[in-house]
Amino acid sequence: MSKLKKALEKAKEARQQESAPTVTVTISENNSDSTAQQQLKQPESSQSSVQTRVSPCDPQRLHNNKIIFDCQARKAGDQVKILRTRILDHFKEIRGNSLLLTSPTAGTGTTLTAINLALSMAQEINRTVLLVDADLRHPSIHRYFGLSAERGLSDYLLGKADLPELLINPGFDNLTILPGGKPLTNSTELLGAPQMKSLVREMKTRYADRYLIFDSSPLLTCADALVFSSFIDSIMLVVEMEKSSRGEIKQAMELLQDKPVLGSIMNKVIN
Amino acid sequence: MNEQIDLQAIKGIIRRQKILFLVTFASIFTLSVIVAFVLPPVYRSQSTILIEEQQIPQEFVQTTITSYVEERLQVITQQILSRPRLLEIINQFNLYPDMRDRFTTEEIVQKMRDAINFEMINTEVTDRRTGRSTTATIAFSLAYEGENPSTVQKVTNKLTSLYLEANLKTREQRASNITTFLEKELKNLKEKIGEQESKISQFKQQHGQELPEYRSVNMQALSRLNQQIDQAAMQIRSQQERKIYLEGQLANVDPLLPVVTDEGKTVMNPRERLKYLRLQLISLQSRLSDKHPDVKRMIGEIAELETKVGDTNDSLGKIKRLKDSEDRLAILKGKLGPKHPDVIKLEKEIKLLKQQIEKQQSQTAINAASENNPENPAYINLKTQIASATMEINSLKQEKKRIEEKINHYQQLIDNIPLVEKEYNDLIRDQQTDQAKYQEIMNKLLEAKVSQEMEESQQAERFTIIDPALTPERPAKPNRLAIVLIGFVLALGAGVGLAAVRENLNDAIKTEEELGRLTGLPVLTSIPLMESDKERRQKRNKKLIVVLILGLVIALGLLLFHLYVMPLDILTLKLQRKFSRL
């Protein structure tokens, strides 16, 4: 925990441009170890990270938003780790690196799962993760991190901005975020456009050791996820326990027929 | 593993449905408890009435009331539960005072009817005649339920007495009805029989001896008459024989005394002499002429004799001679020819004979007179005897004729008997039938009268109270404990049922296995629900608010109850009392 905070602190110092949120956490320096150092140093050394805007987040906020970046939520963290391992195995198997998370309906926790999965993956050594908010109707990833991202993927697709200036590093090593930008209503067309295809291809191929995680809108509310799922290596369905109905799941699976669906995740499990 | 999953599933169900279950259970159970304690106590008073059998054995006095006691009891029940009767009781005891303004009379009466409980007490008995076991009603119980113990007792008593009265009354009435009916019937029959009797006597008068009962008498009379007629015929025959005999005798006796000559030789009596002379004359006349002295003498003698004898009917002799002469003439004519003197002589004789026969025949009547004054006593004696025989015969013939008429008469009667018999028998049969019927009804009437007396003296089957209605000390209803228990079970059932229904209707995915089955893909992981502190706090606050509101509602409810329904301290007291009774 302390190492992370330290890293955040350092990152904050490095990037002075954004008004940093008040941090009330006391920093203990004696706890630092080599891995923390390494993690801290890596973004600076990495080429892409240099270009990327870094905006460290308030850990308390992250904690409140249930983002697992420490050992607090142990159970959930373990499960995410298992998930990560299985996905990485799968990627190795199919030589893929892109993953789309979707759900039958809204509110199943797809976004949070995507964030946590991305964070978990980023903790793997020598791996960078790009988390893309492809839910252009209700872009929300930046809100989890407490970032104000006025521009994002939608701007790129509309040709209003270049990719590098849109990327944000939320203060974690190896994790880059592509926010959604302003909410759009005609997102389906944009996501199905060739630009999107080329973007995905570019992102997939630029770095061999980079993983792409897309958070998309629910399957049964709009066609967004379906439209660009063909560009993606694997798809994962996030289902909420005791909320998602069998009918919805069945319908979603029918929509995802012939698509590379890896499996499903049971979210919000109560014991 | 499997068990664990099951446990997990059950846990999940409990977690999901506990609120629904608790709410359902609590509300129904509370309701049942309230119902159990709010229901007013109902008191029940019961009396048992024994149906006593007839005191006098059936073999001695047969009752005229043959309907089954169950049937009669039902009839009485219907009578007593009738609207006017119940209204009477309601008014008498001032029952259901609080219902009077709000409900119709019909509803109140119906409530009363429901409160009355009539029950027959049966037992297995063996039928004396058939030997089979049947159920017989030996007693019945009568109960009434109400809110006031003393009233309940009074009403039950009243109802009981009504039953007893009704039974007595119906029995007596029935018995007397039967007697009256039989008496009327008897009177009718009597009249009918009287009519028939007069008819029969009229018929008898009309037909007299034609009636079948006179058959033998008639037959006897007939046979007697037949005997008589045979006798008469015999007598007639004997008399006729006697007459013939007498007539034969008479022929030998001359009515006139024979003239005895001096030589002591009886001379021919004039008649014979006459006959003789006449024949002599005819032979002389044929030979001689009428002028011949002999002929003249003979004629003179004949004339003298004729005056003496009267007419002697010698025509027979003359006819004989005539025939004889005619035969001879025919023979001579054939032999000698018509001119032969013999023939002429014969022809003359025949002519003479014919003339004389004619003459004599005209004189017979005159000649008879000479016989009326006979002088020969033997002759007269015979004559008298013949006359008496003739008279006898005549009278016998008359007698016979009379008998024959009588026989005809009786024969007629006998012939008519079968014709009359049918009608007569019909009449008699009718009369006999009615007579028998009369006898029968008479017997029945006597029996009915005895039975009626038995009913009136209450020796017949009767109702006796063996268990009079008492004032109930404890309410019979409601069984509050039972209601609470039932409410508990019901609440439990309803809660579980509702939860099960909701659980089944809930289409949401519940387990990983299910998800895997449904998607046909592996479930990569299950991430537990994460709650931030804020969310946790919010949840807790929500619970707290719910509890607070619930408490407030209960408090308000109690307050309202206290203010508007009943002060709570009184309620407590009441509840305590009820509990102590429980």
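Values in this document were obtained by computation on a predicted structure and should not be read as measured data. (Residues numbered from 1 in each chain as written. Chains lettered and ligands numbered in written order. Predicted model: local features only at pLDDT ≥ 70, side-chain atom pairs only at ≥ 80, totals over all residues. Heavy atoms only, no water.)

Overview of helix H11 (residues 377–456) of chain B
One turn of an α-helix holds 3.6 residues; hence residues three or four places apart share an orientation.
And then number 1: B:Ile417 marks the point of greatest bend in H11(B), at about 40 degrees, and the proline B:Pro418 comes within the next four residues.
And then number 2: Immediately beyond the C-terminal end of H11(B), within one or two residues, lies B:Gln458, with a positive phi of roughly 55 degrees. (Bend = angle between axes of the 7 residues up to and from the residue. Helix = DSSP H or I, 4+ residues; strand = E, 2+ residues; numbered from the N terminus.)

A word on the sheet that holds strand S3 (residues 133–146) of chain B
Residues and elements named next belong to chain B.
And then number 1: Taken in spatial order, the 4 strands of this open sheet run S2-S3-S1-S4, and their pairing is antiparallel. Each edge of the sheet is formed by a strand with only one pairing partner; in this case those strands are strand S2 (116–126) and strand S4 (462–467). Averaged over all pairs of adjacent strands, the angle between their axes in this sheet comes to 30 degrees, without regard to strand direction.
And then number 2: Pairing of strand S1 (residues 43–52) with S3 involves 8 bridges; the strand directions are antiparallel. Residue pairing in the sheet places Ser 45 in a bridge with Tyr 144 of S3. (Pairing = 2+ DSSP bridges. Axes fitted to C-alpha atoms, helices over the stretch in contact; angles between N-to-C directions.)

Regarding a nonpolar patch on the surface
Residue and element names in this part refer to chain B.
And then number 1: Among the surface-exposed residues, Leu 556, Leu 559, Leu 560, Leu 563, Tyr 564 and Val 565 lie close enough to one another that they form a single nonpolar patch of about 670 Å² accessible area.
And then number 2: Mapped onto the elements, Val 565 comes out in helix H14 (residues 533–565).
And then number 3: Classification of Val 565 as exposed rests on a relative accessible area of 56%. (Patch = residues over 30% accessible without salt bridge, like charges linked within 9 Å, V, L, I, M, F, W, Y side chains within 5 Å. Areas by Shrake-Rupley, 256 points an atom, 1.4 Å probe, with all protein chains shown as cover. Salt bridge = Lys/Arg side-chain N within 4 Å of Asp/Glu carboxyl O. Buried < 20%, exposed > 50% of the residue type's maximum accessible area, 1.4 Å probe, protein only.)

Overview of the environment of A:Ile94
And then number 1: Examined against the element boundaries, A:Ile94 turns out to sit in helix H5 (residues 74–94).
And then number 2: The contacts of A:Ile94, once residues within four sequence positions are left out, are A:Asp233 and A:Ser234. (Contact = heavy atoms within 4.5 Å.)

Quick word on the nonpolar core
And then number 1: Membership of the largest hydrophobic core comes to 42 residues, with the highest contact counts inside it found for A:Leu153, A:Leu157, A:Leu178, A:Met196, A:Met203, A:Phe214 and A:Phe228.
And then number 2: Per element, the largest residue contribution to this core is 4 residues, and it comes from helix H10 (residues 194–206) of chain A.
And then number 3: Ignoring anything within four residues of it in the chain, the contact list for A:Phe214 reads A:Ser98, A:Leu99, A:Leu100, A:Leu101, A:Val132, A:Ala134, A:Met196, A:Val200, A:Met203, A:Phe228 and A:Ile232.
And then number 4: Judged by nonpolar contacts, the second largest core, of 40 residues, contains A:Cys57, A:Leu99, A:Leu131 and B:Leu524. (Core = buried A, V, L, I, M, F, W, Y, C linked by side-chain atoms within 4.5 Å.)

Side note on the packing of aromatic side chains
And then number 1: Using the criterion set out here, one finds 11 aromatic pairs over all chains in the structure.
And then number 2: Here A:Phe91 and A:Tyr211 contribute two aromatic rings whose centre-to-centre distance is 5.5 Å and whose plane-to-plane angle is 20 degrees, an arrangement assigned as stacked. Residue A:Phe91 is located in helix H5, and its partner A:Tyr211 is located in strand S6 (residues 210–215); the two are separated by 120 residues in the primary sequence.
And then number 3: Judged by relative accessible area, which is 2%, A:Phe91 ranks as buried.
And then number 4: For A:Tyr211, a relative accessible area of 6% gives the class buried.
And then number 5: Summarising the aromatic geometry, the rings of B:Phe21 and B:Phe25 are spaced 5.9 Å apart at their centres and angled 15 degrees between planes, so their arrangement reads as stacked. Note that B:Phe21 and B:Phe25 are positioned in helix H1 (residues 2–38) at a spacing of 4 residues, about one turn of the helix.
And then number 6: By relative accessible area, B:Phe21 is classed as partly exposed at 23%.
And then number 7: Relative accessible area serves as the criterion here: at 17%, B:Phe25 is assigned to the buried category.
And then number 8: Taken together, B:Phe21, B:Phe25, B:Phe29 and B:Phe488 form an aromatic cluster joined through their ring pairs. (Phe/Tyr/Trp six-rings, centres within 6.5 Å; stacked < 30°, edge-to-face > 60°.)

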